[in-house]
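Commentary on secondary and tertiary structure
What follows is each chain in one-letter form.
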Amino acid sequence: MSINLFTPGTGFPDLEVKIAYGLARVGIEAGLKFSIIPEKGFYTIEFEKISYDRLKQSFLNILVRLLSSDRFFDLGVKAKDKGKYSVKNEIFENLKDTVDFSRMFNLKTTSNLNIKRDMFCGHSNVPCFGGSSGLILISSFHAGKPYERDKRAATFNQSLCAVCGYLAVLGLYSFGFNIQMGQGKNRKFAVILPIPKNELKSDNLAMLLSLQKTLHNFWLSDIQPLRTFTVGLLAKVPALSDVVNELHLTFHLSLACKDNRGDTAVEQTETIDAFPFSKFISSSSYNPATVIKLLGSFKVLPKIASLVELTKILEKSEIMSLTKFARLYTQETSPKKGEWVNLLYPETAKYLLREVAMIRSEIIENPAIGSLARTLRYFIRERKYGYADDIRNARKESRDFEETVAKMLREGELRRVQQEQERQRGKKIDNWIHMPKEAEIKEIFRIASEDFESTKLALVMLAFSFPAKDELSKESDQEGQNERKDNSED
């Protein structure tokens, strides 16, 4: 027969999902089909055609085979206290006689709970997890010792029963990802708990389990804030991005470090919807390549400013951050002293314009806008960002946009004449300037009068991106024509 188990509803979101994952891991070990169903404040685990005795036996087997080792009891546990948590023979014998899944994980309402006296999970007649240690970081990153009002010395820890404690540890190390950042004494780690929004089947959990084994102690980058962590991880691990797309997961993130004594300190926790980031990463191979350039390497620090702006764009659809991100990306990924300037991939720029700014394809693909963007790109490659900034900041009620374009075209014509003179003297020109036709300028002003913000945003974003294939062929044709002209003059 099928049975339903319910997590205890402790109010700690990470503890609840850990217990749910722990019960799921027990089901996987028993070879069962099951589902995890998110409820309001707790989870339902629905097992198909199973008896409570089989589930209990699988749990006891895991206690002996896995949780008898102290290597699972490191997070938030002092070295001298590890022996309190690993499953010794006396703990196993006690649990063997007291574990009753049908009684402990039924649907109940907790009332009159005394947090100093009762188990926080509401269970009774079961040993306390870790003796008197109770609720610690290994079970919940929100754990702490509450103080009584006006009694600084009166601290206590909320207790947790051993069954919930061991299930939480099992869930954490089965489906949580431990990702490393930084190096040496500056090394920290982020613990990621995937929180489901929708129902998870046993096949989904088996996939997460295998991925967790692959990613254990995976090194991401030097230290970066949790706010930018998700997009970086998904960019480096596309398989995880595919899982998020399929399951629409939320990430519960915790940034932790260890002191010289090996004690764990949690510096920050955050809950992030991973789907907007996974959607961006999966849409094109150029998008993760863009993010990976920002993550740096063992010798190169991550580009935090660009990552923060990209996170704002994807998470909150902050359109105002688009051009700021494009400029920061160009500045931070280009060599400070060099002959070349790095730009966005055109596929990435167009994705942000289309999916975040919601700009119509008729504007993004408009030949006139593309032509003027080529002119603006010339100045960006010369590290002259003033025209792009002025266009970005232009207001519709003023004539800033028209005046900036006119000023840029005047300077552009001077640059074109100068390049022609240098070419005639035999100098090789690497960055040819392109001048748009008069009809194209009129077309841009017409589009701007209809949709000003979209026009200037598309113009700047496309200018900060590499030329598309058709533009590259035009530039090659132009260079070829100039070379043929030189030969004919000779």
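To be clear, the structure that these remarks concern was listed above.
Small disclaimer: the values here were computed from a predicted structure and weren't measured. (Residues numbered from 1 in each chain as written. Predicted model: local features only at pLDDT ≥ 70, side-chain atom pairs only at ≥ 80, totals over all residues. Heavy atoms only, no water.)

In this section: the pairing of strand S6 (residues 177–181). Counting buried residues in S6 gives five out of five residues, a clear majority hidden from the surface. Examined bridge by bridge, S6 and strand S7 (residues 188–196) share five bridges and lie antiparallel to one another. By the bridge assignment for S7, Phe 177 is matched with Ile 192. From the end of S6 to the start of S7, which pair antiparallel, there are six residues, and Gly 182 there has a positive phi angle of about 80 degrees. (Buried < 20%, exposed > 50% of the residue type's maximum accessible area, 1.4 Å probe, protein only. Helix = DSSP H or I, 4+ residues; strand = E, 2+ residues; numbered from the N terminus. Pairing = 2+ DSSP bridges.)

Our focus in this paragraph is the nonpolar core. One broad rule of soluble globular proteins: the nonpolar side chains tend to lie buried together. Membership of the largest hydrophobic core comes to 152 residues, with the highest contact counts inside it found for Phe 59, Phe 105, Val 163, Tyr 166, Phe 229 and Leu 352. Examining the composition of this core, we find that eleven residues originate from one element, helix H5 (residues 162–175), more than from any other. (Core = buried A, V, L, I, M, F, W, Y, C linked by side-chain atoms within 4.5 Å.)

Quick look at the sheet that holds strand S11 (residues 264–273) now. The five strands lie next to each other as S9-S6-S7-S10-S11, forming an open sheet whose pairing is mixed. Each of the sheet's edge strands pairs with one partner strand only, and the pair in question is strand S9 (218–221) and S11. Taken over all neighbouring pairs, the strand axes of this sheet differ in orientation by 30 degrees on average, direction set aside. Taken together, the eight bridges between S7 and strand S10 (residues 249–258) define a ladder with antiparallel strand orientation. (Axes fitted to C-alpha atoms, helices over the stretch in contact; angles between N-to-C directions.)

All of the buried residues along helix H3 (residues 89–98) are Phe 92, Leu 95 and Thr 98. Looking straight down H3, one finds that the buried residues subtend no more than 140 degrees of arc, so they occupy a single side. Pointing more than 90 degrees away from the buried face of H3 are the exposed residues Asn 89, Glu 90 and Asp 97. Summarising the contacts, the buried residues of H3 are in contact with helix H2 (52–65), helix H4 (101–104) and H5. (Arc of directions from axis to C-beta. Contact = heavy atoms within 4.5 Å.)

A few words now on the environment of Val 191. Of note, Val 191 is situated in strand S7. Take Val 191: its relative accessible area is 5%, and that puts it in the buried class. Here the alpha-carbon distance between Val 191 and Thr 269, two residues 78 residues apart in the chain, equals 9.4 Å. When near neighbours in sequence (up to four residues on either side) are disregarded, Val 191 contacts Phe 141, Leu 172, Phe 177, His 252, Leu 253 and Ser 254.

Along its 14 residues, H2 runs 20 Å from first to last C-alpha, staying within 8% of the 20 Å computed at 1.5 Å per residue. When we look at burial in H2, the residues that qualify are Leu 55, Ser 58, Phe 59, Leu 60, Ile 62 and Leu 63. Of the surrounding elements, those touching the buried residues of H2 are strand S1 (3–6), helix H1 (13–29), strand S3 (43–47), H3, H4 and H5. (Expected span 1.5 Å × (residues − 1).)

Quick look at the packing of aromatic side chains now. Applying the stated rule across the entire model yields 21 aromatic pairs. Between Phe 73 and Tyr 85, the aromatic rings sit 6.2 Å apart at their centres with planes inclined by 20 degrees, giving stacked as the arrangement. Residue Phe 73 is located in the loop between H2 and H3, and its partner Tyr 85 is located in the loop between H2 and H3; the two are separated by twelve residues in the primary sequence. For the pair Phe 73 and Tyr 85, one class covers both residues: buried. Joined through ring pairs, the aromatic side chains of Phe 73, Tyr 85, Phe 129 and Tyr 166 make up one cluster. (Phe/Tyr/Trp six-rings, centres within 6.5 Å; stacked < 30°, edge-to-face > 60°.)

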